[in-house]
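Coordinates in review
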Amino acid sequence: MDLLIVGSGFFGLTIAERAAAAGRKVTVIDRRHHIGGNAFSEDEATTGIEVHRYGAHLFHTSNATVWEYVSRFTTFTNYVHRVYTNHKGVVFPLPINLGTINQFFQAAYTPDEARALVHDLAGEFDPKTAQNLEERGIGLIGRPLYEAFIRDYTAKQWQTDPKELPAEIISRLPVRYTYDNRYFNDTWEGLPTDGYTAWLERMADHPSIEMKLSTDFFDESQPLNKKATVGQVPVVYTGPVDRYFDYAEGELSWRTLDFEEEVLDVGDFQGTSVMNYADAGVPYTRIHEFKHFHPERADRYPTDKTVIMREFSRFATRDDEPYYPVNTPEDRAGLLAYRELAKGETDVHFGGRLGTYQYLDMHMAIGSALSMWNNHLA
Ligand code: FAD
Ligand code: UDP
């Protein structure tokens, strides 16, 4: 074995694929029973509808290198992601666009009129110098729209005061003064034609890649554990960075999700793939309806059944799957301390969403793995 990779998510698989293509022998371990990390999907047993097991995953990128790379393993459908949100029982389009603004204010503003209105409403804060999510949110869209669509959703999703959250989180969402309600601004977008798992399996399909599932790096009863391997073989570690160091610098805060899946005897539950729930009184943040991700599969999906998944958000304990780095000021201090510790490890390379404690989308995880391979490991 030339390289041990801990974690078979997109980061780990990209490194594995590149290393194998360069003639190296690689072993990938994952503590879950399947490959692919949070991007894993499988067909729901009774309906055959593809369900993203860890919440809806939409692929989008403007990075030509990443697009060329991923296109080696899958084609993409022409799915374009659009999200709607339910506020006080009324459905509005997201991200905040001219349609949202006009519906909210019961008006017919032109783009310039809407810009002028938001400018007046947003005067409290300058989004460029905003110190936290609340300031950036109000600076971008003004207090009334912020309070309706962002404040309570964010508080539900992050269970943290938006004043404590980094401003960048909200910069993920565009604000538009047209009726364009594409959720993403990226050049390329789509869903893998044969599903995520087929894509992930193709990346791992090489005779020099050995895959060991249900294998935990910290379980000393299995031979590829931390004690037995670090210093003996180069390691790429994509699990949580605080767990690697046994929480020596304290626990970083993570959010986890609980998913409640239901198969319903209706052909169409909500008419779209993702409906957000903006208000504090609704306990879940959003409902996914998976058949809408693949309209091109209409002839093989049932017309009288559908699969929905409600998403609930809460703080992760050590026993939960960590999904989102919360990234409060204390967390950022803790992360710096862990980065110092990481420098002292012999030939261990920390990567991915958990290993770097960063809110990485799939294209970012893949892009940073390609950089790590090209710049450090190759
Ligand atoms: P992961 O996919 O988390 O993989 C890490 C792997 O390491 C896991 O399989 C884990 O089991 C394994 N591991 C951890 N600890 C150990 C251990 N001790 N021993 C062995 N194995 C271990 N991105 C998008 O681009 N679009 C989206 O729409 C999108 N939606 C998302 C929705 C949700 C709910 C979440 C959580 C993420 C979403 N993402 C989305 C982000 C996407 O999931 C990540 O960018 C991608 O999965 C990152 O890959 P990774 O390899 O860094 O991490
Ligand atoms: N957000 C919000 N209201 C919404 C959708 C998003 O306030 O209806 C905010 C929220 O803070 C969220 C961030 O925008 O964390 C990014 O949203 P995105 O949909 O990109 O989050 P993800 O899909 O990663 O959970």
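Since this is a predicted model, take the numbers as computed values, not measurements.

1. Observations regarding the UniProt feature "domain: UDP-galactopyranose mutase C-terminal" (unreviewed entry) in the chain
- UniProt feature "domain: UDP-galactopyranose mutase C-terminal" (unreviewed entry): in the numbering of this structure it lies at residues 148-359.
- The distance separating the terminal C-alpha atoms of residues 148-359 is 24 Å; by composition the span is 24% helix and 21% strand.

2. A closer look at the site of ligand 1
- Ligand 1 sits among 31 residues. The nearest are Asp30, His57, Leu58, Leu360 and Met362.
- With respect to ligand 1, the side chain of histidine 57 contributes an N or O atom lying 2.7 Å from an oxygen atom.
- Residue aspartate 361 places a main-chain N or O atom 3.3 Å away from an oxygen atom belonging to ligand 1.
- Bound to the protein, ligand 1 loses 97% of the 990 Å² it would expose on its own.
- Among the elements of the structure, helix H1 (10-21), helix H12 (352-355) and helix H13 (362-377) are those that each provide at least two residues to the shell around ligand 1.
- Per-element accounting of the shell around ligand 1 gives the leading share, 3 residues, to H12.

3. Focus: the site of ligand 2
- Taken together, 16 residues are adjacent to ligand 2, and Thr154, Gln157, Trp158, Tyr183 and Tyr359 come closest.
- Out of a free accessible area of 520 Å², ligand 2 has 93% covered by protein chains.
- Elements supplying a minimum of two residues to the shell around ligand 2: helix H6 (143-158) and helix H7 (168-171).
- In terms of residue count, the dominant contributor to the shell around ligand 2 is H6 (6 residues).

4. Structural notes on the sheet that holds strand E14 (residues 306-315)
- Strand order in the open sheet made by the 7 strands is E7-E6-E12-E13-E14-E11-E15, with mixed pairing throughout. Where the open sheet ends on each side, the last strands, each with one partner, are strand E7 (90-93) and strand E15 (324-325).
- In terms of strand pairing, strand E6 (residues 83-87) meets strand E12 (residues 274-277) through 4 bridges, oriented parallel. Within E12, the position partnered with threonine 85 by the bridge is asparagine 276.

5. Thoughts on the environment of threonine 100
- Position of threonine 100 relative to the elements: it lies in helix H3 (residues 98-104).
- When the C-alpha positions of threonine 100 and tyrosine 177 are compared, they lie 9.7 Å apart, and in sequence the two are 77 residues distant.
- In this structure, threonine 100 is in contact with Phe92, Pro93, Pro95 and Phe149, ignoring residues within four places of it in sequence.

6. Some thoughts on the pattern of salt bridges
- Scanning the model with the defined rule gives 29 salt bridges in all.
- Among the ionic pairs, glutamate 147 bridges to arginine 151, the shortest N-O distance being 3.7 Å. With glutamate 147 and arginine 151 both in helix H6, this residue pair falls 4 residues apart, about one helical turn.
- Under the relative-accessibility criterion, glutamate 147 is labelled partly exposed at 29%.
- According to the relative accessible area criterion, arginine 151 is partly exposed, its value standing at 32%.
- Each of Glu124, Arg143, Glu147, Arg151 and Asp152 takes part in one network of salt bridges that share partners.

7. Overview of the sheet that holds strand E2 (residues 26-29)
- Strand order in the open sheet made by the 5 strands is E9-E2-E1-E10-E16, with parallel pairing throughout. Strand pairing shows two members of the sheet lacking a second neighbour, strand E9 (209-212) and strand E16 (348-350), which therefore form its edges. Within the sheet, the average angular offset between the axes of one strand and its neighbour, ignoring direction, is 20°.
- Two elements, E2 and E9, share 4 bridges in a ladder whose sense is parallel.

8. Concerning H6
- With 16 residues, H6 should cover 22 Å at 1.5 Å per step; its first-to-last C-alpha distance of 19 Å lies more than 12% under that length.
- Its axis deflected by about 35° at isoleucine 150, H6 carries its strongest bend there.
- What H6 keeps buried is the set Leu145, Tyr146, Ala148, Phe149, Ile150, Tyr153, Thr154, Lys156, Gln157 and Trp158.
- Just past H6, the residue glutamine 159 takes up positive phi, approximately 50°.

9. Some details on the domain arrangement of the chain
- Looking at the chain, the domain boundaries give domain 1 (3-79 + 189-249 + 327-377) and domain 2 (105-169).
- Here the C-alpha centroids of domain 1 and domain 2 sit 34 Å apart.
- With both chains or domains summed, domain 1 and domain 2 bury close to 370 Å², and 64% of this area falls on carbon and sulfur atoms.
- One can count 0 salt bridges joining domain 1 with domain 2.
- Between domain 1 and domain 2 we count 0 residue pairs in polar contact (both at pLDDT 80 or more) in total.
- Across the side of domain 1 that touches domain 2, the residue classes break down as 2 nonpolar, 2 polar and 2 charged.

Cut-offs and rules
Residues numbered from 1 in each chain as written. Chains lettered and ligands numbered in written order. Predicted model: local features only at pLDDT ≥ 70, side-chain atom pairs only at ≥ 80, totals over all residues. Heavy atoms only, no water. UniProt positions renumbered as here; feature names shortened; annotations may be inferred. Helix = DSSP H or I, 4+ residues; strand = E, 2+ residues; numbered from the N terminus. Near = heavy atom within 4 Å. Polar contact = N/O pair within 3.5 Å; in protein donor to acceptor, adjacent residues only side chain to side chain. Areas by Shrake-Rupley, 256 points an atom, 1.4 Å probe, with all protein chains shown as cover. Pairing = 2+ DSSP bridges. Contact = heavy atoms within 4.5 Å. Salt bridge = Lys/Arg side-chain N within 4 Å of Asp/Glu carboxyl O. Buried < 20%, exposed > 50% of the residue type's maximum accessible area, 1.4 Å probe, protein only. Axes fitted to C-alpha atoms, helices over the stretch in contact; angles between N-to-C directions. Expected span 1.5 Å × (residues − 1). Bend = angle between axes of the 7 residues up to and from the residue. Domains from an automatic or database assignment. Buried area = accessible area lost by both parts, 1.4 Å probe. Nonpolar A, V, L, I, M, F, W, Y, C, P; charged D, E, K, R; others polar.

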